[in-house]
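Residue strings, one per chain:
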Amino acid sequence: MPLIPAELQPIVALLALALLFVAFLIERYPPDVTAAGAAALFVMLGLTPADRVLEVFSNPAPITIAAMFVISGALVRTGLLDALAALVIARAETRPAVALGVFLGATLLASGIVNNTPVVLILIPVIIRLARSLGIAETRLLIPLSYAAVLGGTLTLIGSSTNILVAGVAAEHGLETFRIFEIAPVGFAVAAVGGVALALLGPWLLPDRRARGDAGVAETTFLTEVRLLEGHAGIGKPLSEVADLTRPGIRITARREGARLRRSGLEDHVVAAGDIFVAIATTSEILTLRALPGVVVGLRRGTGARVGDEDLLVAEAMVTPAHGSPRDTVSQLSVGYRYGLRVLGAHRQGHVPGPDLGSARLRPADKLLLEGTAEGLDRLAQGNELVSVTRPSGRAYRRRRAPLALLALLMVVGLAAFEVAPIALLALGAVAAILLCRCIDNDEAWGSIDAGIIVLILAMLIIGIGLEDTGTVALIVETLAPWLEELPPIVLLAALYALTSILTETVTNNAVAVVVTPIAVALGQQTGIDPRPLVVAVMMGASASFATPVGYQTNTLVYGAGDYRFADFLRIGVPMNLIVGAAAVLVIPLVFPLTPG
């Protein structure tokens, strides 16, 4: 039995929705927690019938979004985005302006076929390195990186989780299913106008401040040593042509000659079997090198673990104050003799710990990257020399499987474009394929899914059912219709876009999409306008969010990485919102006629 009389349910649901938006603004809890609490309230009050709650799990949008997160994770794991970074960094030294343009253009296009949030996450360290190589402040490039990804997300249905969600909600309200490239003409026009606006406004409105410290650097870098053995593909080539040692995440600093280190003429040195190079490398690159045939990483002294043993594990450990004397070196720690471990690398925050790995002098809080058996690592953890023995955050790239991951993505895009099967089924099939082909491990695949976004979407879908069943959507439309019926269709389109954009800047975009999409469909039916262009306006307004760091996930990512201020986004984001919004409102009717034909 419902707790609230039927005639009062629309009012109560509207008040609950208003309170939900206020809770989003206050940000006392994360958006997913707030939405889950509101969904539970809707169910307990009887606003959403209990027998309809399970219907949200039949909506293809959450499944598709989760699958696209996994596919994006596979592209990162196989090093495809890393390869893009290498290409840009290589070109930056000779043609910096072209390299920057290509980088942002590639980000825009990549965000059209891959979920744009993980694209930005992996490219933040790259853009920071690019800024430093060009001698400009990171704050001049990080916001453009986010904006390029936001604009790219408008190109296709799978570019943004918001697009997928809006399409799914619209389909539930009777609209024909959106095709994957159906919004592309609008998206390309919006992206072109937005890109030109960013290029013109950026030099004037972007802040010119250096980020503090190593903000935005995703992975820890370690001092390490790399020895090449007979049979490695790089033997006989100049060091500059050895692909395994010239990745963006690796910097060769010296070559060992007996007891001496030679630091000059490294690029022209012809690599010979047995050569040992001192390097600064990220965790992922060290683990990638470790798995390659003909490569030995770390110290070879002592009776350390044998490379290639399938039972070997890798862990990070921190030096304790008791054994962090500047007199202690990595070699003197003797973890190989005592625990059967190999030291792969050493890290000190903000500094290089030594000229090479063996002579690096340990200090408290230094980190060591270790390889060994589970038994050896357990015995080390029981001692008092090193603490916090944990698995490293980085993982080895699986570059040989990169073509398989790319093929899986292209199959999803291509087959969806020809409507061979629904996007959700194609995306799930691609996930199965990349897991079976070991492009990504299952634990990392599930870890690449942003569970907060999925929970938020499911909760908002439950709330959306409540708004529909209680008549709240109909109440909103009946209230607005007399004011909007006399407006020209293009003005109604602009008003709906503006409403969506303003709400998105203050409230999470996926929540806005679920609430506003049914209103757009109902308004179209009430006023005689084709609902499809109105839904596209909601899609663009919820995706193209520039004015605040909380309106879109990519803005939030660069907000912390670049040490920005809130006003930095307002200064350039408000003009971007107005320009991009005007372009969208003018182009949408050209692609999607406002009057049914």
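- The name given to the protein in an unreviewed UniProt entry is Citrate transporter, with Limimaricola soesokkakensis as the source organism.
- Reading the Subcellular location (unreviewed entry) entry of the UniProt record for the protein gives the comment "Membrane".

### With respect to the packing of aromatic side chains
Thought 1: One pass over the structure, following the stated rule, counts 4 aromatic pairs.
Thought 2: An angle of 40 degrees between the planes, with centres 6.5 Å apart, marks the rings of phenylalanine 21 and phenylalanine 24 as tilted. Of this pair, phenylalanine 21 and phenylalanine 24 both sit in helix H1 (residues 9-26), 3 residues apart, which is roughly one turn of that helix.
Thought 3: With relative accessibility at 14%, the residue phenylalanine 21 sits in the buried group.
Thought 4: Judged by its relative accessible area of 7%, phenylalanine 24 is buried.
Thought 5: Here the aromatic residues Tyr559, Tyr564 and Phe569 are joined through ring pairs into a cluster of three or more.
Thought 6: Between arginine 532 and the ring centre of phenylalanine 178, over which it is positioned, the NZ or CZ distance is 4.0 Å.

### Overview of the pattern of salt bridges
Thought 1: Per the counting criterion, the structure on display carries 19 salt bridges.
Thought 2: A salt bridge links glutamate 285 to arginine 399; its shortest N-O distance comes to 2.8 Å. Placement of glutamate 285 in helix H10 (residues 283-290) and of arginine 399 in the loop between strand E9 (386-390) and helix H14 (402-417) is noted, with a sequence separation of 114 residues between them.
Thought 3: Its relative accessible area of 1% is what places glutamate 285 among the buried residues.
Thought 4: Taken together, the shared-partner salt bridges connect Arg77, Arg398, Arg438, Asp441 and Glu444 into one network.

### So, helix H20 (residues 509-527)
Thought 1: In a regular helix each residue adds 1.5 Å, so 19 residues correspond to 27 Å; H20 covers 26 Å between its end C-alpha atoms and thus fits that length.
Thought 2: Where H20 bends most, the angle comes to about 30 degrees, and this point is valine 516, followed within four residues by the proline proline 518.
Thought 3: Along H20, 16 of the 19 residues are buried, which leaves the element largely enclosed by surrounding structure.
Thought 4: Glycine 528 sits one or two positions beyond H20 and adopts a positive phi of about 85 degrees.

### Section: the environment of alanine 360
Thought 1: Within the secondary structure, alanine 360 sits in the loop between strand E7 (342-347) and strand E8 (367-372).
Thought 2: The class of alanine 360 is buried, set by a relative accessible area of 1%.
Thought 3: Note: C-alpha distance between alanine 360 and glutamine 332 (28 residues apart in sequence) is 9.9 Å.
Thought 4: Filtering out sequence-adjacent residues up to four positions away, alanine 360 remains in contact with Leu223, Asp328, Thr329, Val330, Pro353 and Gly354.

### Thoughts on the pairing of strand E2 (residues 250-257)
The side chains of a regular strand alternate between the sheet's two faces.
Thought 1: E2 sits mainly inside the fold: 6 of its 8 residues count as buried.
Thought 2: Relative to strand E3 (residues 260-262), E2 runs antiparallel, the two being bridged by 3 bridges. Looking at E3, one finds that glutamate 257 is bridged to arginine 260.
Thought 3: Between the antiparallel neighbours E2 and E3 lie 2 residues, among them glycine 258 with a positive phi of about 65 degrees.

### What about the pairing of E7?
Thought 1: Within E7, 6 of the 6 residues are buried, which leaves it mostly tucked inside the rest of the structure.
Thought 2: With 5 bridges joining them, E7 and E8 adopt antiparallel strand pairing. Along E8, the bridge assignment pairs arginine 342 with glutamate 371.

### Thoughts on the side chain of threonine 64
Thought 1: With respect to the element layout, threonine 64 can be found in helix H3 (residues 60-77).
Thought 2: Using a relative accessible area of 4% as the deciding quantity, one classes threonine 64 as buried.
Thought 3: A polar contact is formed between the side chain of threonine 64 and the backbone oxygen of proline 60, at a distance of 2.8 Å.
Thought 4: With near-sequence residues (within four places) excluded, threonine 64 lies in contact with Ile164, Ile423 and Ala424.

How each quantity is defined
- Residues numbered from 1 in each chain as written.
- Predicted model: local features only at pLDDT ≥ 70, side-chain atom pairs only at ≥ 80, totals over all residues.
- Heavy atoms only, no water.
- UniProt positions renumbered as here; feature names shortened; annotations may be inferred.
- Phe/Tyr/Trp six-rings, centres within 6.5 Å; stacked < 30°, edge-to-face > 60°.
- Helix = DSSP H or I, 4+ residues; strand = E, 2+ residues; numbered from the N terminus.
- Buried < 20%, exposed > 50% of the residue type's maximum accessible area, 1.4 Å probe, protein only.
- Lys NZ or Arg CZ within 6 Å of the ring centre and 35° of its normal.
- Salt bridge = Lys/Arg side-chain N within 4 Å of Asp/Glu carboxyl O.
- Expected span 1.5 Å × (residues − 1).
- Bend = angle between axes of the 7 residues up to and from the residue.
- Contact = heavy atoms within 4.5 Å.
- Pairing = 2+ DSSP bridges.
- Polar contact = N/O pair within 3.5 Å; in protein donor to acceptor, adjacent residues only side chain to side chain.

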